[in-house]
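Listed below are the residues making up each chain.
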Amino acid sequence: MPDPIVIATWPFGKVAAEAALKSLANGDPALDAAIAGAQAVEDDYSCRTSVGFGSLPDRLGRLTLDACVMDGKTLACGAVAGVEHIKHPVALARRVMDRTTHVLLVGEAAKWFALQQGFPLEVPYTSDAIKEWLEKHPDLKQRPGANPPAPCDGASEINIDADHHDTVTVLTRDAKGSLGGACTTSGLAYKLPGRVGDSPIIGAGLYADDLAGAAGGTGVGEEIIRIAGSSYVVELMRGGRSPQEACVRACERVNASAGRRGVHPARVAFLALDPKGNVGAACTAKTNFQYAVGRGGKVELVQAKEIAAGM
Ligand code: ASP
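Notes on the structure in this doc start here. Here the structure is a predicted model, which is why all the values come from computation and not from measurement.

Quick look at the site of the ligand now. In the vicinity of the ligand, the contacting residues are H165, D166, T167, G187, R195, G197, D198, S199, T218, G219 and G221. Residue R195 places a side-chain N or O atom 2.7 Å away from an oxygen atom belonging to the ligand. Here the ligand has 270 Å² of accessible area as a free molecule, and 100% of this is covered by the chains. Per-class residue counts for the shell around the ligand are no nonpolar, 8 polar and 3 charged.

Dropping the structure here:
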């Protein structure tokens, strides 16, 4: 019988991996376990500022969340993007998968669907997140009320550093050998209102197929979308590459795409799990990506290899 495995992005992925391992140990299917892991991070305000309630909001001070889920056995998937006031967007993404014929619902309409499904509307802000937004907002030089926030014209650069994004992406293999994935994030802090990154886009932030493998991405989502990142990693595994090789190749592709535009590669990371239970991860330069690996009842953090441009 295959042993249950979970991998999850970033040090807070430990929280996810522990919850997902527990769920797998109870005999839950891979997708349920991945969602349990993602939801544990949505619930833990102390471990992150970029997933779920209490995260850093967009330029207008609104916190909008993105999430998706995918079942490797059936290729069933669901996603929500730009959704406000819903504490567990990953659970809502699951409802989209289970209760609609669609894959992705966005914004107000996703919230309407959540209400229909019995999700409560809740207050997503914490005083710490609002304080940081007021202090570090890239445009908001005045005190609140003195002037409206600067125009959202996309012209000024959004300040993206290690503290201003990170997604939890959880990949699992259950005791039957099936794969599942879940991904949840608030995206980039101070993003333009309406901006959606890779995380809720099936094939970009997440992909899972029992016949090939599961993969997820984190980092600057625009670069992951540009190369259809998670789908690319999975297709490389389908072609015989190991999860590690596939993640390295995806990072090389991110580097090459930046080269074609004459810009520095953004910070991006990929992680992958194949049907045999092999895992791998890689990141672009200066990403300092760690991911949690859980198996045999234990969870450990592993440092991913950095792939510098030009290699
Ligand atoms: N990929 C996420 C986004 O672009 C952010 C992150 O994972 O760091 O929204």
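Further notes follow.
With that settled, the discussion passes to the environment of G107. The topology assignment puts G107 in helix α4 (residues 107-116). Distance in space between the C-alpha atoms of G107 and L188 is 16 Å, their sequence separation being 81 residues. Beyond its immediate chain neighbours, meaning those up to four positions away, G107 contacts A81, G82 and V83.

A grouping of V103, L104 and V106 is seen on the molecular surface, where their side chains present a nonpolar patch of about 220 Å² in accessible area. As for its position among the elements, V103 is in the loop between α3 (89-99) and β4 (104-106). Take V103: its relative accessible area is 37%, and that puts it in the partly exposed class.

So, on to the pattern of salt bridges. Using the criterion set out here, one finds 11 salt bridges in the structure. Across the pair D32 and R94 runs a salt bridge, and its minimum N-O distance is 2.9 Å. One end of the pair, D32, is in helix α2 (residues 30-43); the other, R94, is in helix α3, with 62 residues separating them in the sequence. With a relative accessible area of 28%, D32 lands in the partly exposed category. Owing to a relative accessible area of 22%, R94 belongs among the partly exposed residues under this scheme. Measuring nitrogen to oxygen at the nearest pair gives 3.0 Å for the salt bridge that ties R94 to D98. With R94 and D98 both in helix α3, this residue pair falls 4 residues apart, about one helical turn. Through salt bridges with shared partners, one network takes in D32, R94 and D98.

Backbone geometry at W10 places phi at a positive 65°, although glycine is not the residue there. Mapped onto the secondary structure, W10 falls in the loop between β1 (5-9) and α1 (13-25). Its identity is not glycine, yet L75 carries a phi of approximately 65°, on the positive side. Note that L75 resides in the loop between β2 (65-71) and β3 (77-83). Judged by its relative accessible area of 37%, L75 is partly exposed.

Moving on: the pairing of strand β9 (residues 268-273). Burial within β9 is extensive, with 6 of its 6 residues counted as buried. Judged by which residues are buried, β9 turns out to be covered on both faces: V268, F270 and A272 on one side and A269, L271 and L273 on the other are all buried. The pairing of strand β8 (residues 213-219) with β9 spans 6 bridges and is classified as antiparallel. Considered in β9, the bridge of A215 is made with A272. Bridging between β9 and strand β10 (residues 279-284) involves 5 bridges; their strand directions are antiparallel. When the sheet's bridge partners are listed, L271 is paired in β10 with A281. A loop of 5 residues connects β9 with β10, the two strands running antiparallel in sequence, and G277 in this loop sits at a positive phi of about 95°.

Quick notes on the rules
- Residues numbered from 1 in each chain as written.
- Predicted model: local features only at pLDDT ≥ 70, side-chain atom pairs only at ≥ 80, totals over all residues.
- Heavy atoms only, no water.
- Near = heavy atom within 4 Å.
- Polar contact = N/O pair within 3.5 Å; in protein donor to acceptor, adjacent residues only side chain to side chain.
- Areas by Shrake-Rupley, 256 points an atom, 1.4 Å probe, with all protein chains shown as cover.
- Nonpolar A, V, L, I, M, F, W, Y, C, P; charged D, E, K, R; others polar.
- Helix = DSSP H or I, 4+ residues; strand = E, 2+ residues; numbered from the N terminus.
- Contact = heavy atoms within 4.5 Å.
- Patch = residues over 30% accessible without salt bridge, like charges linked within 9 Å, V, L, I, M, F, W, Y side chains within 5 Å.
- Salt bridge = Lys/Arg side-chain N within 4 Å of Asp/Glu carboxyl O.
- Buried < 20%, exposed > 50% of the residue type's maximum accessible area, 1.4 Å probe, protein only.
- Pairing = 2+ DSSP bridges.

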